[in-house]
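# Structural features, examined
Residues per chain are reported as follows:
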Amino acid sequence: MGFVEGLKCRECGREYKVDPIYVCEFCFGPLEAVYDYKKIKKSLNRKKILQREKNLWRYKELLPIDGEPQVGLNSGFTPLVETKNLARELGVKTLYVKDDTVVHPTLSFKDRVVAVALTKAKEFGFDTVACASTGNLAHSVSAHGAKAGLKRFIFIPATLEASKITAALIYEPNLIAVDGNYDDVNRLCSEIANKYKWAFVNINIRPFYAEGSKTLGFEIVEQLGWNAPDNVVVPCASGSLLTKVWKSFKEFHEIGVIKKLETKVFAAQAQGCNPIAAALKSHTDVIRPMKPNTIAKSLAIGNPADGYYAVKVVQETGGCGEEVTDQEIIDGIKLLARTEGIFAETAGGVTVAVTKKLIENGCIGKNDTTVICVTGNGLKTQEALNGQMLKAHYIPPNMESFEEVLSNIK
Ligand SMILES: *Cc1c(COP(=O)(O)O)cnc(C)c1O
Ligand SMILES: [Zn+2]
């Protein structure tokens, strides 16, 4: 038996029973899972968590499933790396990277949300899963769905990087490449979701799917020795991850796993798709949708479903939003690789470059403990680095040629 009491509208508070639904019938507000925290407090504590396997299900009481986990049993519990070289370079004392570029089977944080969404889809009795994706979600639903024996329909913008398309197709889903941007794909999928009885992980299963992001936050707290950081920098596409990282800290506080919670939450976006950062910079909570144009395609959602709530979290915690250019994103990817040996995708470049700016403009203090969320692997977005790398030294196979090269290396 699970600990979810039902779903609740975030706007008008109306309550619903657990079903594959996502909007309030009365006010069209988004629905969210509601838990019985008193009951959870009695059955979940630090000791119990520590005894469990190191995957994202070690916090299962705080995830919206009723039975046992069925999907993603090898996902989660990614490293929290103390990045001393990067900290030195950026001029701060304590900096960590939550490294979701590794461990996950499809090498991005989407394996967290998909593990929860597909477990829930199975509980609901669906035999077909689907998603609207900017890339990483396509990989994750394709792979985990294959293992779970589910039929899969994956919708992507046709302009996605070739390597991202390959990394979905290898799992042999039905891949539908739509001539349009993510927001067009999403609109089409909402229509399809109304007509076909499929579990669209980020549409009709969204209230459950989104909860999977909390595991990133739970892990950060556990890996900091049961402490929440002073600052956390989170990349934003729909804004869901950011709201759920904050929710995870609040839940750990609520059930007594941590005593103190004073974290500031910061939103990181690309200048070419900055609806959340722009709202924060102009001190409003009104999201103005835009047409994305950035190399950070995994974050390219021009009309973010959770944008308003992400803005609220940042404002409420005293953080701020920041944005970076495509060149700064590339420099961010290179900086992280050069200093820490971590190869992040463009979304990671966004987070690193934004963190650099936040330190430079004083939003992040030099003595704070800061965690930056690096959410996807660089092998997936190599195209973005074309023409931006050092060149190899090409030589014939003899000592002379090598030593000539060597004499030119400082
Ligand atoms: C999906 C995604 C995000 C953020 O997703 P939200 O829609 O804001 O929850 C961040 N990084 C990567 C690499 C992603 O694929
Ligand atoms: Zn409502």
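The shown structure was predicted, so the numbers you read here are calculated from the model rather than taken from an experiment.

Tetrahedral coordination by four donors places them ideally at 109.5 degrees to one another around the metal; octahedral coordination by six donors ideally gives 90 or 180 degrees. Donor atoms from the polypeptide that bind the zinc ion (ligand 2) are Cys-9 (SG), Cys-12 (SG), Cys-24 (SG) and Cys-27 (SG), placed at 2.2 to 2.4 Å. Coordination geometry of the zinc ion (ligand 2): the 4 donor atoms subtend angles of 96 to 118° at the metal centre, consistent with an arrangement described as tetrahedral. All donors of the zinc ion (ligand 2) come from a single chain, and their spacing in sequence reads C-x2-C-x11-C-x2-C. With Cys-12 in the loop between strand E1 (4-9) and strand E2 (15-16) and Cys-24 in the loop between E2 and strand E3 (31-35), this pair connects stretches of sequence that are 12 residues apart. Its relative accessible area of 40% is what places Cys-12 among the partly exposed residues. With relative accessibility at 1%, the residue Cys-24 sits in the buried group.

Here we take up the packing of helix H5 (residues 136-147) against helix H6 (residues 162-169). For any two helices packed against each other, one specifies the inter-axial angle together with the distance between the axes. In the contact formed by H5 and H6, the axes pass within 8 Å of each other and the chain directions differ by 15°. What the angle tells us is that H5 and H6 run roughly parallel. Judged by the twist between their axes, the crossing of H5 over H6 is left-handed. Taking contact as the criterion, the partners of Asn-136, Ala-138, His-139 and Ser-142 in H5 are, on H6, Lys-164, Ala-167 and Ala-168. Class assignment of the residues belonging to the contact of H5 with H6 gives a composition of 3 nonpolar, 3 polar and 1 charged.

Moving on to the nonpolar core. What tends to happen in soluble globular proteins is that the nonpolar side chains get buried as a cluster. Within the largest apolar cluster, 73 residues are counted, with the highest numbers of intra-cluster contacts made by Val-141, Val-201, Ile-220, Val-232, Leu-242, Phe-252 and Ile-276. Per-element accounting of this core gives the leading share, 6 residues, to helix H10 (residues 240-254). With sequence-adjacent residues up to four places away left out, Val-201 is seen in contact with Ala-117, Leu-118, Ala-130, Cys-131, Leu-137, Val-141, Arg-206 and Tyr-209. One finds Ala-132, Ile-329, Ile-342 and Val-354 within the second-largest nonpolar core, a separate group that totals 46 residues.

So, how was this worked out
Residues numbered from 1 in each chain as written. Chains lettered and ligands numbered in written order. Predicted model: local features only at pLDDT ≥ 70, side-chain atom pairs only at ≥ 80, totals over all residues. Heavy atoms only, no water. Donors = N, O, S within 2.8 Å, 3.2 Å for Na, K, Ca; no water. Tetrahedral: all angles 85-135°; square planar, octahedral: opposite > 155°, others 65-115°. Helix = DSSP H or I, 4+ residues; strand = E, 2+ residues; numbered from the N terminus. Buried < 20%, exposed > 50% of the residue type's maximum accessible area, 1.4 Å probe, protein only. Axes fitted to C-alpha atoms, helices over the stretch in contact; angles between N-to-C directions. Parallel < 35°, antiparallel > 145°, perpendicular 65-115°, else oblique. Left-handed = near helix turned anticlockwise from the far one by under 90°. Contact = heavy atoms within 4.5 Å. Nonpolar A, V, L, I, M, F, W, Y, C, P; charged D, E, K, R; others polar. Core = buried A, V, L, I, M, F, W, Y, C linked by side-chain atoms within 4.5 Å.

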